[in-house]
Amino acid sequence: MSRFFSEVHKDLTPYVPGEQPRDRRYVKLNTNESPFPPSPAAVRAAEEAARQLQLYPDPTALALRTKLAEHFGLAPDEASVNNGSDETLSFAFLGWCDEKTPALFPDITYGFYTVYAGLYRLPYEEIPLDEDFRIRVADYAGKKGTVFIANPNAQTGIALPLAGIEELLRQDPDRLVVVDEAYVDFGAESAVGLIPRYDNLLIIQTFSKSRSMAGGRLGIALGRKELIQDLMTLQFSFNPYNLNRMTMAAGIGALEDPAYFEENCRKIAENREWLKDALRAEGFAVTDSLANFLLARTDRIGGESLYRALKERGVLVRHLGAERIRDWVRITVGSREELEILMEKIRGILKEVRS
Ligand SMILES: *Cc1c(COP(=O)(O)O)cnc(C)c1O
(Lines give C-alpha, C1' and ligand atoms only; values in the text may rest on other atoms or scores of the structure.)
Protein backbone atom coordinates (compact mmCIF):
# COMPACT_ATOMS: atom_id res chain seq x y z
CA MET A 1 0.00 0.00 0.00
CA SER A 2 1.36 3.45 -0.85
CA ARG A 3 1.29 6.21 1.72
CA PHE A 4 -1.17 8.02 -0.57
CA PHE A 5 -3.87 5.34 -0.45
CA SER A 6 -6.97 6.72 1.21
CA GLU A 7 -7.63 5.65 4.79
CA VAL A 8 -11.08 4.80 3.56
CA HIS A 9 -9.77 1.86 1.53
CA LYS A 10 -7.05 0.49 3.72
CA ASP A 11 -9.09 -2.45 5.00
CA LEU A 12 -10.47 -3.57 1.63
CA THR A 13 -10.40 -7.30 0.92
CA PRO A 14 -10.36 -7.66 -2.87
CA TYR A 15 -11.82 -10.58 -4.76
CA VAL A 16 -9.37 -13.40 -5.44
CA PRO A 17 -9.87 -14.65 -9.00
CA GLY A 18 -9.07 -18.27 -9.85
CA GLU A 19 -5.51 -18.87 -11.03
CA GLN A 20 -4.68 -18.08 -14.66
CA PRO A 21 -1.21 -19.64 -14.65
CA ARG A 22 1.28 -19.20 -17.49
CA ASP A 23 4.01 -21.56 -16.20
CA ARG A 24 2.76 -24.63 -18.01
CA ARG A 25 -0.29 -25.93 -19.85
CA TYR A 26 -2.95 -27.17 -17.50
CA VAL A 27 -6.24 -28.90 -18.00
CA LYS A 28 -8.01 -25.84 -16.68
CA LEU A 29 -11.11 -26.68 -14.67
CA ASN A 30 -10.90 -23.90 -12.09
CA THR A 31 -12.75 -20.78 -13.29
CA ASN A 32 -15.93 -22.10 -14.91
CA GLU A 33 -14.93 -21.00 -18.39
CA SER A 34 -16.33 -22.80 -21.42
CA PRO A 35 -14.13 -25.43 -23.06
CA PHE A 36 -15.55 -24.30 -26.42
CA PRO A 37 -14.59 -21.22 -28.45
CA PRO A 38 -17.20 -18.50 -29.00
CA SER A 39 -19.61 -18.82 -31.92
CA PRO A 40 -17.96 -18.11 -35.29
CA ALA A 41 -20.75 -15.54 -35.80
CA ALA A 42 -19.57 -13.71 -32.64
CA VAL A 43 -15.95 -13.76 -33.79
CA ARG A 44 -16.84 -12.46 -37.27
CA ALA A 45 -18.93 -9.64 -35.80
CA ALA A 46 -16.12 -8.63 -33.43
CA GLU A 47 -13.59 -8.57 -36.30
CA GLU A 48 -15.89 -6.37 -38.33
CA ALA A 49 -16.45 -4.01 -35.37
CA ALA A 50 -12.69 -3.64 -34.84
CA ARG A 51 -12.52 -1.69 -38.12
CA GLN A 52 -14.30 1.20 -36.40
CA LEU A 53 -12.24 1.36 -33.23
CA GLN A 54 -11.47 5.04 -33.86
CA LEU A 55 -15.05 5.83 -32.82
CA TYR A 56 -16.55 5.63 -29.35
CA PRO A 57 -19.12 2.87 -28.98
CA ASP A 58 -22.81 3.67 -28.49
CA PRO A 59 -23.06 4.28 -24.71
CA THR A 60 -26.72 3.22 -24.74
CA ALA A 61 -25.82 -0.01 -26.61
CA LEU A 62 -29.18 0.22 -28.29
CA ALA A 63 -28.56 -2.38 -31.00
CA LEU A 64 -27.48 -5.01 -28.48
CA ARG A 65 -30.23 -4.15 -26.00
CA THR A 66 -32.84 -4.36 -28.75
CA LYS A 67 -31.49 -7.79 -29.72
CA LEU A 68 -31.56 -8.92 -26.09
CA ALA A 69 -35.10 -7.63 -25.63
CA GLU A 70 -36.21 -9.59 -28.69
CA HIS A 71 -34.47 -12.70 -27.38
CA PHE A 72 -36.07 -12.52 -23.92
CA GLY A 73 -39.47 -11.18 -24.98
CA LEU A 74 -38.95 -7.82 -23.25
CA ALA A 75 -38.79 -4.16 -24.32
CA PRO A 76 -35.36 -2.59 -25.04
CA ASP A 77 -35.72 -0.37 -21.94
CA GLU A 78 -36.03 -3.54 -19.84
CA ALA A 79 -32.44 -4.62 -20.61
CA SER A 80 -29.05 -3.02 -19.94
CA VAL A 81 -25.52 -4.21 -20.57
CA ASN A 82 -22.31 -4.05 -18.58
CA ASN A 83 -18.63 -4.79 -18.71
CA GLY A 84 -19.14 -8.29 -17.31
CA SER A 85 -21.93 -9.11 -14.89
CA ASP A 86 -19.49 -8.24 -12.11
CA GLU A 87 -20.04 -4.62 -13.14
CA THR A 88 -23.81 -5.14 -13.08
CA LEU A 89 -23.50 -6.61 -9.58
CA SER A 90 -21.34 -3.70 -8.49
CA PHE A 91 -24.08 -1.26 -9.58
CA ALA A 92 -26.73 -3.40 -7.91
CA PHE A 93 -24.92 -3.16 -4.57
CA LEU A 94 -24.17 0.53 -5.05
CA GLY A 95 -27.69 1.42 -6.16
CA TRP A 96 -30.00 -0.73 -4.12
CA CYS A 97 -28.33 -1.15 -0.74
CA ASP A 98 -27.57 1.38 1.97
CA GLU A 99 -27.29 1.74 5.73
CA LYS A 100 -30.96 0.83 6.18
CA THR A 101 -31.10 -1.67 3.31
CA PRO A 102 -28.53 -4.40 3.96
CA ALA A 103 -27.57 -6.93 1.31
CA LEU A 104 -28.96 -10.37 2.15
CA PHE A 105 -27.39 -13.47 0.61
CA PRO A 106 -26.47 -17.07 1.45
CA ASP A 107 -23.33 -17.84 3.49
CA ILE A 108 -22.00 -19.95 0.62
CA THR A 109 -22.31 -18.11 -2.69
CA TYR A 110 -20.41 -15.95 -5.15
CA GLY A 111 -17.42 -14.40 -3.34
CA PHE A 112 -17.87 -11.01 -4.94
CA TYR A 113 -21.01 -10.21 -2.91
CA THR A 114 -19.04 -9.59 0.29
CA VAL A 115 -16.35 -7.76 -1.69
CA TYR A 116 -18.83 -5.24 -3.10
CA ALA A 117 -20.47 -4.81 0.28
CA GLY A 118 -16.98 -4.00 1.62
CA LEU A 119 -16.09 -1.62 -1.22
CA TYR A 120 -19.25 0.42 -0.72
CA ARG A 121 -19.26 0.01 3.07
CA LEU A 122 -22.66 -1.61 3.07
CA PRO A 123 -24.13 -3.71 5.84
CA TYR A 124 -24.86 -7.29 4.82
CA GLU A 125 -26.20 -10.48 6.33
CA GLU A 126 -25.18 -13.97 5.30
CA ILE A 127 -28.04 -16.41 5.66
CA PRO A 128 -26.81 -19.99 6.10
CA LEU A 129 -27.69 -22.67 3.57
CA ASP A 130 -29.09 -25.83 5.14
CA GLU A 131 -26.82 -28.81 5.71
CA ASP A 132 -27.44 -30.04 2.16
CA PHE A 133 -26.33 -26.63 0.85
CA ARG A 134 -29.87 -25.64 -0.11
CA ILE A 135 -31.40 -22.19 0.27
CA ARG A 136 -34.14 -22.11 2.92
CA VAL A 137 -36.50 -19.51 1.50
CA ALA A 138 -38.39 -19.23 4.80
CA ASP A 139 -35.23 -17.82 6.44
CA TYR A 140 -35.62 -14.70 4.30
CA ALA A 141 -39.17 -13.95 5.45
CA GLY A 142 -39.45 -10.73 7.43
CA LYS A 143 -35.89 -9.64 6.59
CA LYS A 144 -35.52 -6.11 5.26
CA GLY A 145 -32.85 -5.45 2.66
CA THR A 146 -31.98 -6.38 -0.90
CA VAL A 147 -31.75 -10.09 -1.58
CA PHE A 148 -29.00 -11.49 -3.82
CA ILE A 149 -29.51 -15.06 -4.99
CA ALA A 150 -27.17 -16.76 -7.45
CA ASN A 151 -29.37 -19.33 -9.17
CA PRO A 152 -27.99 -21.94 -9.67
CA ASN A 153 -25.93 -20.99 -6.64
CA ALA A 154 -22.24 -20.34 -7.06
CA GLN A 155 -19.89 -22.96 -5.59
CA THR A 156 -22.63 -25.59 -5.17
CA GLY A 157 -24.42 -25.46 -8.55
CA ILE A 158 -27.67 -26.25 -6.75
CA ALA A 159 -30.70 -24.46 -8.20
CA LEU A 160 -33.64 -22.98 -6.34
CA PRO A 161 -36.85 -23.88 -8.21
CA LEU A 162 -38.79 -20.98 -9.66
CA ALA A 163 -41.44 -21.36 -6.95
CA GLY A 164 -38.73 -20.48 -4.42
CA ILE A 165 -37.78 -17.32 -6.31
CA GLU A 166 -41.43 -16.38 -6.51
CA GLU A 167 -41.85 -16.91 -2.77
CA LEU A 168 -38.90 -14.57 -2.13
CA LEU A 169 -40.57 -11.96 -4.36
CA ARG A 170 -43.89 -12.35 -2.58
CA GLN A 171 -42.54 -12.31 0.97
CA ASP A 172 -42.22 -8.55 0.64
CA PRO A 173 -43.24 -6.71 -2.54
CA ASP A 174 -41.20 -3.72 -1.28
CA ARG A 175 -38.00 -5.73 -1.12
CA LEU A 176 -35.89 -6.08 -4.26
CA VAL A 177 -34.67 -9.56 -5.24
CA VAL A 178 -31.62 -9.72 -7.52
CA VAL A 179 -31.26 -13.12 -9.19
CA ASP A 180 -27.78 -13.76 -10.56
CA GLU A 181 -28.34 -16.30 -13.33
CA ALA A 182 -24.71 -16.70 -14.41
CA TYR A 183 -25.21 -20.47 -14.76
CA VAL A 184 -28.88 -20.74 -15.65
CA ASP A 185 -28.38 -21.89 -19.26
CA PHE A 186 -26.97 -25.26 -18.23
CA GLY A 187 -30.28 -26.67 -17.06
CA ALA A 188 -32.02 -24.52 -14.42
CA GLU A 189 -35.18 -22.43 -14.84
CA SER A 190 -34.76 -18.73 -15.54
CA ALA A 191 -36.94 -16.21 -13.70
CA VAL A 192 -37.10 -13.91 -16.76
CA GLY A 193 -40.74 -14.92 -17.32
CA LEU A 194 -41.63 -13.40 -13.92
CA ILE A 195 -40.59 -9.87 -14.91
CA PRO A 196 -44.06 -8.82 -16.15
CA ARG A 197 -45.57 -9.86 -12.82
CA TYR A 198 -42.98 -8.54 -10.35
CA ASP A 199 -41.52 -5.05 -10.24
CA ASN A 200 -39.16 -6.10 -7.42
CA LEU A 201 -37.20 -8.55 -9.58
CA LEU A 202 -33.91 -7.86 -11.33
CA ILE A 203 -32.14 -10.60 -13.25
CA ILE A 204 -28.45 -10.64 -14.08
CA GLN A 205 -26.96 -12.91 -16.70
CA THR A 206 -23.56 -13.17 -18.35
CA PHE A 207 -22.11 -14.19 -21.71
CA SER A 208 -18.99 -15.43 -19.92
CA LYS A 209 -20.00 -19.01 -19.30
CA SER A 210 -22.70 -20.45 -21.56
CA ARG A 211 -21.76 -18.23 -24.52
CA SER A 212 -17.98 -18.75 -24.23
CA MET A 213 -17.25 -15.02 -23.97
CA ALA A 214 -15.48 -14.65 -20.60
CA GLY A 215 -12.72 -12.69 -22.36
CA GLY A 216 -15.24 -10.32 -23.96
CA ARG A 217 -16.80 -9.16 -20.65
CA LEU A 218 -20.52 -8.93 -21.33
CA GLY A 219 -23.03 -8.94 -18.50
CA ILE A 220 -26.71 -8.11 -18.83
CA ALA A 221 -29.49 -6.94 -16.54
CA LEU A 222 -33.18 -7.65 -17.18
CA GLY A 223 -36.06 -6.12 -15.28
CA ARG A 224 -38.66 -3.37 -15.17
CA LYS A 225 -37.62 -0.18 -16.87
CA GLU A 226 -37.32 1.81 -13.63
CA LEU A 227 -34.70 -0.65 -12.35
CA ILE A 228 -32.86 -0.59 -15.68
CA GLN A 229 -32.89 3.23 -15.50
CA ASP A 230 -31.23 3.04 -12.06
CA LEU A 231 -28.45 0.86 -13.49
CA MET A 232 -27.95 3.18 -16.45
CA THR A 233 -27.83 6.23 -14.19
CA LEU A 234 -24.95 4.57 -12.34
CA GLN A 235 -23.30 3.48 -15.61
CA PHE A 236 -23.46 7.03 -16.97
CA SER A 237 -22.06 8.35 -13.67
CA PHE A 238 -19.12 5.98 -13.79
CA ASN A 239 -18.15 4.85 -17.30
CA PRO A 240 -20.71 5.60 -20.04
CA TYR A 241 -18.68 3.71 -22.66
CA ASN A 242 -18.55 0.62 -20.51
CA LEU A 243 -18.82 -1.84 -23.39
CA ASN A 244 -16.36 -1.78 -26.25
CA ARG A 245 -17.44 -2.11 -29.88
CA MET A 246 -16.10 -5.62 -30.37
CA THR A 247 -17.89 -7.04 -27.37
CA MET A 248 -21.17 -5.36 -28.30
CA ALA A 249 -20.96 -6.75 -31.82
CA ALA A 250 -19.90 -10.20 -30.57
CA GLY A 251 -22.89 -10.23 -28.24
CA ILE A 252 -25.25 -9.64 -31.14
CA GLY A 253 -23.41 -12.27 -33.20
CA ALA A 254 -23.74 -14.80 -30.41
CA LEU A 255 -27.49 -14.16 -30.10
CA GLU A 256 -27.86 -14.71 -33.84
CA ASP A 257 -26.41 -18.20 -33.54
CA PRO A 258 -28.77 -19.98 -31.14
CA ALA A 259 -27.99 -23.46 -32.49
CA TYR A 260 -24.33 -23.22 -31.50
CA PHE A 261 -25.25 -21.97 -28.02
CA GLU A 262 -27.85 -24.67 -27.44
CA GLU A 263 -25.54 -27.43 -28.62
CA ASN A 264 -22.75 -26.29 -26.28
CA CYS A 265 -25.11 -26.05 -23.30
CA ARG A 266 -26.38 -29.52 -24.07
CA LYS A 267 -22.83 -30.92 -24.24
CA ILE A 268 -21.88 -29.31 -20.92
CA ALA A 269 -24.99 -30.70 -19.22
CA GLU A 270 -24.23 -34.15 -20.63
CA ASN A 271 -20.57 -33.97 -19.52
CA ARG A 272 -21.65 -32.76 -16.08
CA GLU A 273 -23.86 -35.82 -15.56
CA TRP A 274 -21.05 -38.05 -16.84
CA LEU A 275 -18.65 -36.45 -14.34
CA LYS A 276 -21.12 -36.82 -11.45
CA ASP A 277 -21.39 -40.55 -12.17
CA ALA A 278 -17.64 -40.98 -12.59
CA LEU A 279 -16.88 -39.23 -9.28
CA ARG A 280 -19.62 -41.05 -7.38
CA ALA A 281 -18.23 -44.35 -8.70
CA GLU A 282 -14.96 -43.43 -6.93
CA GLY A 283 -16.81 -42.77 -3.68
CA PHE A 284 -17.12 -38.99 -3.93
CA ALA A 285 -20.03 -36.98 -2.61
CA VAL A 286 -21.08 -34.61 -5.40
CA THR A 287 -23.58 -31.74 -5.28
CA ASP A 288 -26.64 -32.04 -7.48
CA SER A 289 -25.40 -29.25 -9.71
CA LEU A 290 -27.28 -27.81 -12.66
CA ALA A 291 -24.37 -25.50 -13.50
CA ASN A 292 -21.16 -25.96 -15.52
CA PHE A 293 -19.25 -27.02 -12.42
CA LEU A 294 -19.78 -29.22 -9.42
CA LEU A 295 -18.56 -29.47 -5.88
CA ALA A 296 -17.06 -32.78 -4.80
CA ARG A 297 -15.49 -34.30 -1.71
CA THR A 298 -14.17 -37.64 -0.55
CA ASP A 299 -13.19 -38.97 2.88
CA ARG A 300 -9.96 -40.30 1.39
CA ILE A 301 -8.22 -36.98 0.79
CA GLY A 302 -8.87 -33.40 1.95
CA GLY A 303 -9.98 -30.69 -0.46
CA GLU A 304 -6.75 -28.72 -0.36
CA SER A 305 -4.57 -31.84 -0.73
CA LEU A 306 -6.62 -33.02 -3.69
CA TYR A 307 -6.33 -29.60 -5.31
CA ARG A 308 -2.54 -29.67 -4.84
CA ALA A 309 -2.12 -33.24 -6.05
CA LEU A 310 -4.14 -32.47 -9.17
CA LYS A 311 -2.16 -29.30 -9.83
CA GLU A 312 1.12 -31.26 -9.66
CA ARG A 313 -0.35 -33.55 -12.29
CA GLY A 314 -1.35 -30.68 -14.58
CA VAL A 315 -5.04 -30.38 -13.71
CA LEU A 316 -6.35 -27.18 -12.11
CA VAL A 317 -9.49 -27.26 -10.01
CA ARG A 318 -10.59 -24.71 -7.38
CA HIS A 319 -10.24 -25.10 -3.65
CA LEU A 320 -12.30 -22.43 -1.93
CA GLY A 321 -11.25 -21.22 1.48
CA ALA A 322 -14.70 -20.92 3.07
CA GLU A 323 -15.01 -22.96 6.27
CA ARG A 324 -18.09 -24.98 5.32
CA ILE A 325 -16.66 -26.16 2.02
CA ARG A 326 -13.05 -26.63 3.06
CA ASP A 327 -13.20 -30.37 2.39
CA TRP A 328 -14.56 -29.85 -1.11
CA VAL A 329 -13.12 -28.94 -4.50
CA ARG A 330 -15.02 -27.15 -7.23
CA ILE A 331 -14.54 -28.65 -10.66
CA THR A 332 -15.52 -26.90 -13.90
CA VAL A 333 -17.22 -29.16 -16.43
CA GLY A 334 -14.85 -29.15 -19.38
CA SER A 335 -14.77 -31.20 -22.56
CA ARG A 336 -15.10 -34.97 -22.31
CA GLU A 337 -11.37 -35.37 -23.04
CA GLU A 338 -10.48 -32.99 -20.19
CA LEU A 339 -12.79 -34.80 -17.78
CA GLU A 340 -11.29 -38.15 -18.74
CA ILE A 341 -7.82 -36.81 -17.92
CA LEU A 342 -9.18 -35.46 -14.61
CA MET A 343 -10.66 -38.84 -13.66
CA GLU A 344 -7.48 -40.69 -14.61
CA LYS A 345 -5.44 -38.35 -12.34
CA ILE A 346 -7.98 -38.68 -9.52
CA ARG A 347 -7.83 -42.48 -9.69
CA GLY A 348 -4.02 -42.30 -9.55
CA ILE A 349 -4.09 -39.98 -6.53
CA LEU A 350 -6.61 -42.16 -4.64
CA LYS A 351 -4.48 -45.25 -5.34
CA GLU A 352 -1.44 -43.49 -3.86
CA VAL A 353 -3.21 -42.37 -0.69
CA ARG A 354 -4.53 -45.90 -0.18
CA SER A 355 -1.05 -47.50 -0.24
C1 LIG B 1 -18.89 -15.87 -13.17
C2 LIG B 1 -19.92 -15.24 -12.32
C3 LIG B 1 -20.22 -13.88 -12.41
C4 LIG B 1 -19.37 -12.92 -13.20
O5 LIG B 1 -19.41 -13.07 -14.51
P6 LIG B 1 -18.77 -12.00 -15.49
O7 LIG B 1 -19.90 -11.67 -16.40
O8 LIG B 1 -17.65 -12.73 -16.16
O9 LIG B 1 -18.31 -10.81 -14.71
C10 LIG B 1 -21.26 -13.37 -11.67
N11 LIG B 1 -21.95 -14.15 -10.83
C12 LIG B 1 -21.67 -15.45 -10.68
C13 LIG B 1 -22.46 -16.26 -9.73
C14 LIG B 1 -20.64 -16.02 -11.41
O15 LIG B 1 -20.33 -17.28 -11.21
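Owing to the predicted nature of the structure, the values given are computational and were not obtained by experimental measurement.

Rules and cut-offs
- Residues numbered from 1 in each chain as written.
- Predicted model: local features only at pLDDT ≥ 70, side-chain atom pairs only at ≥ 80, totals over all residues.
- Heavy atoms only, no water.
- Helix = DSSP H or I, 4+ residues; strand = E, 2+ residues; numbered from the N terminus.
- Rg over C-alpha atoms; globule rule 2.2 N^0.38 Å.
- Buried < 20%, exposed > 50% of the residue type's maximum accessible area, 1.4 Å probe, protein only.
- Contact = heavy atoms within 4.5 Å.
- Areas by Shrake-Rupley, 256 points an atom, 1.4 Å probe, with all protein chains shown as cover.
- Lys, Arg positive; Asp, Glu negative; His and termini not counted.
- Charge placed at Lys NZ, Arg CZ, Asp CG, Glu CD.
- Pairing = 2+ DSSP bridges.
- Near = heavy atom within 4 Å.
- Polar contact = N/O pair within 3.5 Å; in protein donor to acceptor, adjacent residues only side chain to side chain.
- Nonpolar A, V, L, I, M, F, W, Y, C, P; charged D, E, K, R; others polar.
- Phe/Tyr/Trp six-rings, centres within 6.5 Å; stacked < 30°, edge-to-face > 60°.

Undergrad: Please provide a residue-by-residue account of the overall build of the chain, values included.
TA: Counting secondary structure elements, the chain contains 10 helices and 12 strands. Rg of the C-alpha trace for the chain: 21 Å, near the compact-globule value of 20 Å for 355 residues, within the 12% margin. Considering only C-alpha atoms, the chain reaches an extent of 60 × 50 × 50 Å along its principal axes. Counting across all 355 residues of the chain, residues that qualify as buried make up 52%. For the chain, the share of sequence-separated contacts (at least 6 apart) that also reach a separation of at least 24 residues comes to 73%. Of the roughly 16400 Å² that the chain leaves accessible, carbon and sulfur atoms contribute 51%. Distance from the positive charge centre (44 side chains) to the negative charge centre (52 side chains) of the chain: 4 Å.

Undergrad: Can you tell me about the pairing of strand S10 (residues 293-297), naming the residues and giving the values?
TA: Consecutive side chains along a regular strand alternate between the two faces of the sheet. The buried fraction of S10 amounts to four of the five residues, a majority that puts the element mostly inside the structure. In this structure, strand S9 (residues 285-286) lies alongside S10, joined through two bridges in antiparallel fashion. Paired with Ala 285 across the strands is Arg 297, a residue of S10. Turn length for the S9-S10 hairpin, with the two strands adjacent in sequence and antiparallel, is six residues. Where S10 and strand S12 (residues 329-332) come together, four bridges link them in antiparallel fashion. In the strand pairing of S12, Ala 296 is matched with Val 329.

Undergrad: Mind laying out the sheet that holds S10, listing which residues take part and the relevant values?
TA: One open sheet holds the three strands; their spatial order is S9-S10-S12, and the pairing between them is antiparallel. At either margin of the open sheet sits one strand with a lone partner, and together these are S9 and S12.

Undergrad: Report on the site of the ligand, specifying residues and quantitative values.
TA: The local shell around the ligand consists of Gly 84, Ser 85, Asp 86, Leu 89, Tyr 110, Asp 180, Ala 182, Tyr 183, Thr 206, Ser 208, Lys 209 and Arg 217. Within the backbone of Asp 86, an N or O atom sits 3.0 Å from an oxygen atom of the ligand. For the ligand, an oxygen atom lies 2.5 Å from a polar atom in the side chain of Tyr 183. In isolation the ligand exposes 380 Å². Once the protein is present, 93% of that is buried. A total of three residues in the shell around the ligand trace back to one element, the largest contributor, which is helix H3 (residues 85-96). Of the residues that constitute the shell around the ligand, the class distribution is four nonpolar, four polar and four charged.

Undergrad: Can you tell me about the environment of Phe 105, naming the residues and giving the values?
TA: Turning to its location among the elements, Phe 105 is positioned in strand S3 (residues 103-106). For the pair Phe 105 and Tyr 124, spaced 19 residues apart in the sequence, the C-alpha separation amounts to 7.9 Å. Sequence-distant contacts of Phe 105, defined by excluding residues within four places in its chain, comprise Phe 93, Tyr 113, Thr 114, Tyr 124, Glu 125, Glu 126, Ile 127, Tyr 140 and Phe 148.

Undergrad: Break down the packing of aromatic side chains for me, citing the residues and quoting the values.
TA: Counted according to the given criterion, the structure contains 17 aromatic pairs. Ring centres 5.9 Å apart and planes at 80 degrees place the aromatic pair Phe 91 and Phe 238 in the edge-to-face group. With a gap of 147 residues between them, Phe 91 in helix H3 and Phe 238 in helix H6 (residues 225-238) connect regions that are remote in the sequence. Judged by centre distance (6.4 Å) and plane angle (15 degrees), the ring pair of Tyr 116 and Tyr 120 falls under stacked. Classification of Tyr 116 by relative accessible area gives buried; the value is 8%. Among the aromatic residues, those joined into a ring-pair cluster are Tyr 15, Phe 93, Phe 105, Tyr 110, Phe 112, Tyr 113, Tyr 116, Tyr 120, Tyr 124 and Phe 148.

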